[in-house]
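Spelled out from the first residue to the last, the chains are:
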Amino acid sequence: MDHQHPMVFDEVARAALLIIDTFNSQDLSQTVKGFAKMDHHHPMLFDEVARAAIPVIDTFNSQDLAQTLNAFAKMDHHHPMLFDVVAGAAIPIIDTFNSRDLANTVNVFNKIDQQHPMLFDEVASAAIPTLDTFDSPELANTVNHLKKSNKTVS
């Protein structure tokens, strides 16, 4: 862990678990993002965030979707059902993803070794008209991760 007070994070997780069903999409996303940022994995909390997020996934915006996926991947917390539901929710709003979110989304799916060809097709299609907004690492990462997923950008 990269922080000095793991007991505080455990207590925050305990408190959050009691009220997780009152969290909105941003609360759910920010909770796992914060734990991941501090490199504090709390499996029960991540499982409960996934459980709470799945039925309300259509309320997540592109940033919440991308941040949630990224947090789960960073903690190497596999939840295939959540990833499938997020992919399904991302596809209709893929045009709202910025260059970073597009790059990170493909990266996360590759990192956890979960393929979602329809999502990858949509990311590739959304990236093409916005390539001028990508910085060089985002371009390289997107192409690299699409290549790993056997997708070609033409």
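Calculation notes
- Residues numbered from 1 in each chain as written.
- Predicted model: local features only at pLDDT ≥ 70, side-chain atom pairs only at ≥ 80, totals over all residues.
- Heavy atoms only, no water.
- Axes fitted to C-alpha atoms, helices over the stretch in contact; angles between N-to-C directions.
- Helix = DSSP H or I, 4+ residues; strand = E, 2+ residues; numbered from the N terminus.
- Parallel < 35°, antiparallel > 145°, perpendicular 65-115°, else oblique.
- Left-handed = near helix turned anticlockwise from the far one by under 90°.
- Contact = heavy atoms within 4.5 Å.
- Nonpolar A, V, L, I, M, F, W, Y, C, P; charged D, E, K, R; others polar.
- Core = buried A, V, L, I, M, F, W, Y, C linked by side-chain atoms within 4.5 Å.
- Buried < 20%, exposed > 50% of the residue type's maximum accessible area, 1.4 Å probe, protein only.
- Patch = residues over 30% accessible without salt bridge, like charges linked within 9 Å, V, L, I, M, F, W, Y side chains within 5 Å.
- Areas by Shrake-Rupley, 256 points an atom, 1.4 Å probe, with all protein chains shown as cover.
- Salt bridge = Lys/Arg side-chain N within 4 Å of Asp/Glu carboxyl O.
- Lys, Arg positive; Asp, Glu negative; His and termini not counted.
- Charge placed at Lys NZ, Arg CZ, Asp CG, Glu CD.
- Polar contact = N/O pair within 3.5 Å; in protein donor to acceptor, adjacent residues only side chain to side chain.

K.L.:
Would you mind going over the packing of helix α1 (residues 6-19) against helix α3 (residues 43-53) with me for this structure?
P.N.:
Closest axis-to-axis distance for the α1/α3 pair is 10 Å, and the angle between their directions is 25 degrees. On the basis of their axis angle, the class for α1 and α3 is roughly parallel. The two elements α1 and α3 meet at a crossing, and its hand is left-handed. Between α1, through A13, A16 and L17, and α3, the contact on the second element is made entirely by M44, L45 and E48. Partitioning the contact of α1 with α3 into residue classes produces 5 nonpolar, no polar and 1 charged.

K.L.:
Would you mind showing me how to read the nonpolar core here?
P.N.:
The nonpolar side chains of a soluble globular protein tend to be buried with one another. One finds L28, I57, L65, F72, L82, L102 and L119 to be the most contacted residues of the largest nonpolar core, which totals 44 residues. Put simply, the parts of the chain that give this core at least two residues each are α1, α2 (25-37), α3, α4 (62-74), α5 (80-90), α6 (99-111) and α7 (117-127). Filtering out sequence-adjacent residues up to four positions away, L28 remains in contact with I20, F23, V49, A52, A53, V56 and F60.

K.L.:
Teacher, can you tell me more about a positive patch on the surface here?
P.N.:
On the surface, K33, K37, K74 and K111 cluster together into a positively charged patch. Residue position: K111 is located in helix α6.

K.L.:
How should I be thinking about the pattern of salt bridges in this particular structure?
P.N.:
A side chain of one charge can pair with a side chain of the opposite charge when the charged atoms of the two come close. Per the stated rule, a full pass over the model turns up 3 salt bridges. Close ionic contact of R14 with E11 constitutes a salt bridge, the shortest N to O distance being 3.0 Å. Linking R14 with E11, this pair stays in helix α1, spanning 3 residues, or about one helical turn. Overlapping salt bridges, with partners in common, bring together D21, E48 and R51 in one network.

K.L.:
Just to check I follow, could you spell out the side chain of T68 for this structure?
P.N.:
With respect to the helices, strands and loops of the structure, T68 is situated in helix α4. Polar contacts involving the side chain of T68 include one to the side chain of S29, which spans 3.5 Å. Here T68 is in contact with S29, V32, F60 and L82, once residues within four sequence places are set aside.

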